Amino acid sequence: MKTSVLDVINSKERVNICAPMVRYSKLPFRALLRKYNVDICYTPMILADVFKNSDLARETDYSTNAGDDPVVVQFAASNSEDLAAAAELVAPFAGGIDINCGCPQKWAIQERIGSHLMSDPETVRDMVRTVKNRVSIPCSIKIRVHPDLRETYEFVKRAESVCVDYITVHGRTRKQKSTEPVNFEGIKLVKESVSMPVFANGSIFSNADAEEMYEKTGVDGVMSARGLLQNPAFFSGYEYTPWECIEEYVHLALGYGTNHFIFHHHLMYMFEDIMSNAERKTFNTLSSIPAILDHLEEHWGLDVNKLI
Ligand SMILES: Cc1cc2nc3c(=O)[nH]c(=O)nc-3n(C[C@H](O)[C@H](O)[C@H](O)COP(=O)(O)O)c2cc1C
């Protein structure tokens, strides 16, 4: 049995959350973050229909263990039946189910999932209602703001009417790039409009950013994506990724097993502010896990034998 996300929210005044991230927020990275003051971790977005129908997807899309707690499984779905069937499969192994209403990619909108749902509040209402009837763990939504905040208000009030358990708001519209400023007013509006907990998301790269978000919006928790990729230890107060965090990631990733692409990319993110441009250029060309380990041993003093 996993810890219910609502128990975490009720037991802490402020909650630190790792965002869902396709490819990245998988078990080894979640295990790393739990050592650095992250209270709740999300899985990457999982396609509910594929998960429901494919043995292979069920084997590869979600793995967990006793230490991976609390964990929220995020699904992308276009209808309540796919979503509820997938939710039933993971409910014994999850602390919450989240519905992705924010993915802005073209293919997702064509599939009527992700941010398409921001213009289809009735389907979202149906999804929340159905999931809540079929599983007993919390059901949340992760949304973006609309260009017209009145629409956001209507959207969250409808979700509230079917008792969604909490809401995460990414303070950008579906057309905005992640480099554009976060709309604090939009997040604050959601927090003030509904009675359930609200998490804020968007450009949290440090504890100072988290503090600013709390001050400006009054939310119950803050969620970070790119900030945690670059520095998984920032919620513990580290300004840059500490070396022991990188060592720990290598240890976890090798122990759990991970593919070269994900391993390499996590390390590239973590080294982003640490390596010089020239070092980064060399590091980015390494084409296998052994080559990366050799490089880290030679240039950074990594002791692989100590880690395994
Ligand atoms: C590599 C990457 C993968 C992402 N995958 C997902 C996903 O699976 N589900 C989701 O809801 N959002 C996803 N997002 C969006 C983030 O969860 C988050 O909403 C967005 O990056 C804004 O937060 P940030 O400013 O802290 O990066 C992803 C973002 C990144 C950078």
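Just so it is clear, the model here is predicted, and its values are computed rather than measured. (Residues numbered from 1 in each chain as written. Predicted model: local features only at pLDDT ≥ 70, side-chain atom pairs only at ≥ 80, totals over all residues.)

**Focus on the packing of helix α12 (residues 243-256) against helix α13 (residues 260-271)**
Describing two packed helices takes the angle between their axes plus the distance from one axis to the other. The geometry of α12 relative to α13 is characterised by a closest axis approach of 11 Å and an angle of 170° between their N-to-C directions. In terms of axis orientation, α12 runs roughly antiparallel to α13. Contacts between α12 and α13 involve I246, Y249 and A253 on the former and, on the latter, F263, H266, L267 and M270. Taken together, the residues of the contact of α12 with α13 break down into 6 nonpolar, 1 polar and no charged. (Axes fitted to C-alpha atoms, helices over the stretch in contact; angles between N-to-C directions. Helix = DSSP H or I, 4+ residues; strand = E, 2+ residues; numbered from the N terminus. Parallel < 35°, antiparallel > 145°, perpendicular 65-115°, else oblique. Contact = placed C-beta atoms within 7 Å. Nonpolar A, V, L, I, M, F, W, Y, C, P; charged D, E, K, R; others polar.)

**As for the environment of L27**
If you trace the backbone, L27 turns up in helix α2 (residues 27-33). Judged by local crowding, L27 falls into the buried class, with 21 C-beta atoms found within 10 Å. Expressed as a C-alpha distance, the spacing of L27 and S80, which sit 53 residues apart in the sequence, is 27 Å. (Buried ≥ 20, exposed ≤ 12 C-beta atoms within 10 Å, placed from the backbone.)

**Notes on the pairing of strand β4 (residues 71-76)**
β4 sits mainly inside the fold: 6 of its 6 residues count as buried. Burial of β4 is two-sided: the residues V71, V73 and F75 facing one way and the residues V72, Q74 and A76 facing the other way are all buried. Taken together, the 2 bridges between strand β3 (residues 46-47) and β4 define a ladder with parallel strand orientation. Considered in β4, the bridge of L47 is made with A76. (Pairing = 2+ DSSP bridges.)

**Notes on the site of the ligand**
Residues in close proximity to the ligand total 22 residues, the closest being A19, P20, M45, A225 and R226. Among the residues making up the shell around the ligand, the classes are represented as 10 nonpolar, 10 polar and 2 charged. (Near = placed C-beta within 6 Å.)

**With respect to α13**
With 12 residues, α13 extends 16 Å from end C-alpha to end C-alpha; this agrees with the ideal 16 Å at 1.5 Å per step. Those residues of α13 lying buried are F263, H266, L267 and M270. Along α13, the residues classed as buried sweep out an arc of 95° about the axis, all on the same side. Where α13 is buried, its residues touch α2, α11 (226-230), α12 and α15 (289-300). (Expected span 1.5 Å × (residues − 1). Arc of directions from axis to C-beta.)

**A closer look at the nonpolar core**
In terms of nonpolar packing, the biggest core is built from 83 residues, with F75, L83 and I167 touching the most fellow members. Lining this core are residues from two domains, each supplying at least three of them: domain 1 (5-235) and domain 2 (243-306). The residues contacting F75, other than those within four sequence positions of it, are I46, A48, L83, A86, A87, I97, I99 and N100. (Core = buried A, V, L, I, M, F, W, Y, C linked by C-beta atoms within 7 Å. Domains from an automatic or database assignment.)

**A closer look at the domain arrangement of the protein**
On domain assignment, one finds that the protein holds domain 1 (5-235) and domain 2 (243-306). Its C-alpha centre places domain 1 at a distance of 29 Å from the equivalent point of domain 2. Of the residues lining the interface, 13 residues belong to domain 1; the matching set on domain 2 comes to 13 residues. The set of elements that each furnish at least two residues to the side of domain 1 that touches domain 2 consists of α2 and α11. At 5 residues, α2 tops the list of elements feeding residues into the side of domain 1 that touches domain 2. Each residue belonging to the side of domain 1 that touches domain 2 can be placed in one class, and the counts come to 10 nonpolar, 1 polar and 2 charged.

**Brief notes about the UniProt feature "domain: DUS-like FMN-binding" (unreviewed entry) in the protein**
Under the UniProt annotation, the feature "domain: DUS-like FMN-binding" (unreviewed entry) is placed at residues 18-274. Counting secondary structure, residues 18-274 comes out at 45% helix and 14% strand; the distance between its end C-alpha atoms is 22 Å. (UniProt positions renumbered as here; feature names shortened; annotations may be inferred.)

**Structural notes on the UniProt feature "active site" (unreviewed entry) in the protein**
With numbering matched to this structure, UniProt assigns "active site" (unreviewed entry) to C103. Within the fold, C103 resides in the loop between β5 (96-101) and α6 (106-110). Discounting chain neighbours no more than four positions away, the residues touching C103 are M45, A76, A108, I113, G114 and S115.

**Brief notes about helix α8 (residues 149-161)**
What sets the pattern is the α-helix's 3.6 residues per turn: residues three or four places apart point alike. Across its 13 residues, α8 extends 18 Å between first and last C-alpha, which sits within 8% of the 18 Å expected from 1.5 Å per residue. Among the residues of α8, those classed as buried are T152, F155, V156 and A159. All buried residues of α8 fall inside an arc of 90° around its axis, so they share one side. Relative to its buried face, α8 has exposed residues pointing more than 90 degrees away, namely R150 and S161. The inward-facing, buried residues of α8 contact α7 (121-134), β6 (139-144), β7 (166-170) and α9 (184-193).

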